[in-house]
Amino acid sequence: MIHEYEPEATRRATGETESSRASRGWWDRNADEYQTEHGAFLGDDRFVWGPEGLDEADAALLGPASGLKGLDVLEIGAGAAQCSRWLAAQGARPVALDLSHRQLQHALRIGGNVPLVEADAGALPFADGSFDLACSAYGAVPFVADPVRVMREVRRVLRPGGRWVFSVTHPIRWAFPDEPGPEGLSVAASYFDRTPYVEQDEQGRAVYVEHHRTLGDRVRDVVAAGFRLTDLVEPEWPAWNTQEWGGWSPLRGNLIPGTAIFVCERD
């Protein structure tokens, strides 16, 4: 019997090239399972900011839904383009960008008229000032070694006054085990340890990478990229949401934040 090798989880240094290659490979391999497991929660045309279930239709972090009509919007790390379809339904003109070819194939499977672009968030294939808004629900930012590079690219393609809103795992979560039960409620690591989380194969090559930044780091990254931070949203866990999503759960969500959403503007 052939046993499939289980990647080894570790904390070690990793750079832009290895991180990008690992992310593309991981999402291409796992897109089917991800969409099967989470597709019903995400919907085909909802804009959900994270596992808590905060919906853009209620949160209006991009601005009032009635004001989206006619705006050019870039979604980064779009996956199957669920958020972009919601934006299109409001009359916006979204473009859905993702690093993973397989994720974008799921966008094609679901359908709709949203343009799809396969590209790295650190090298956006658009002219300066192409968009009014940019958004990312857990896309790209947690997985890149140089988030300032990504945000500078976002700023470049935004028009003056444009808004950039992105969600990531709340930085405090890195101090706790990634477990949905009681074992995930005790601090197990230093919040200040920025060493990336890496899963690697038998040859030591990264197959999954996630980068930790403290809350202060994230704010400084936003400012360094030339944005002004106008809001920082920490969604509370709603009573209606009884599901677990990886390490996110009602138990943990009622005690510690799981998601951080940064609302930024380009002056």
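Refer to the structure printed above.
From a predicted model like this one, the values you see are computed outputs, not experimental measurements. (Residues numbered from 1 in each chain as written. Predicted model: local features only at pLDDT ≥ 70, side-chain atom pairs only at ≥ 80, totals over all residues. Heavy atoms only, no water.)

**Looking at the sheet that holds strand S2 (residues 72–76)**
Strand pairing in a sheet relies on backbone hydrogen bonds. The paired strands run either parallel or antiparallel. Sheet architecture is open: seven strands sit in the order S4-S3-S2-S5-S6-S10-S9, paired in mixed fashion. Whereas interior strands pair on both sides, the edge strands pair on one side only; in this sheet they are strand S4 (116–118) and strand S9 (227–233). Sheet twist, expressed as the mean angle between neighbouring strand axes with direction ignored, is 20 degrees. In terms of strand pairing, S9 meets strand S10 (residues 259–266) through six bridges, oriented antiparallel. The residue of S10 that forms the bridge with leucine 232 is phenylalanine 262. (Pairing = 2+ DSSP bridges. Helix = DSSP H or I, 4+ residues; strand = E, 2+ residues; numbered from the N terminus. Axes fitted to C-alpha atoms, helices over the stretch in contact; angles between N-to-C directions.)

**Overview of the packing of aromatic side chains**
For the structure shown, the criterion picks out 16 aromatic pairs. Arranged with centres 6.1 Å apart and planes meeting at 85 degrees, the rings of phenylalanine 47 and tryptophan 86 form a pair that is edge-to-face. Residue phenylalanine 47 is located in the loop between helix H1 (16–42) and helix H2 (56–59), and its partner tryptophan 86 is located in helix H3 (residues 82–89); the two are separated by 39 residues in the primary sequence. Residue phenylalanine 47 shares its accessibility class with tryptophan 86, and that shared class is buried. Through pairs of rings, three or more aromatic residues link up here, namely Trp26, Trp27, Tyr34, Phe41, Phe143, Tyr197, Tyr208, Trp240 and Trp245. The residue whose ring lies beneath arginine 46 is phenylalanine 41, and the NZ or CZ to ring-centre distance is 5.9 Å. Above the plane of the ring of tryptophan 248 lies arginine 173, whose end atom (NZ or CZ) is 4.4 Å from the centre. (Phe/Tyr/Trp six-rings, centres within 6.5 Å; stacked < 30°, edge-to-face > 60°. Buried < 20%, exposed > 50% of the residue type's maximum accessible area, 1.4 Å probe, protein only. Lys NZ or Arg CZ within 6 Å of the ring centre and 35° of its normal.)

**Re unusual backbone geometry**
The backbone of alanine 81 shows a phi angle near 65 degrees, a positive value even though the residue is not glycine. Within the fold, alanine 81 resides in the loop between S2 and H3. A positive phi is found at tyrosine 138, a non-glycine position, where the angle reads about 60 degrees. Along the polypeptide, tyrosine 138 turns up in the loop between strand S5 (131–137) and helix H5 (147–157). A relative accessible area of 17% places tyrosine 138 in the buried class.

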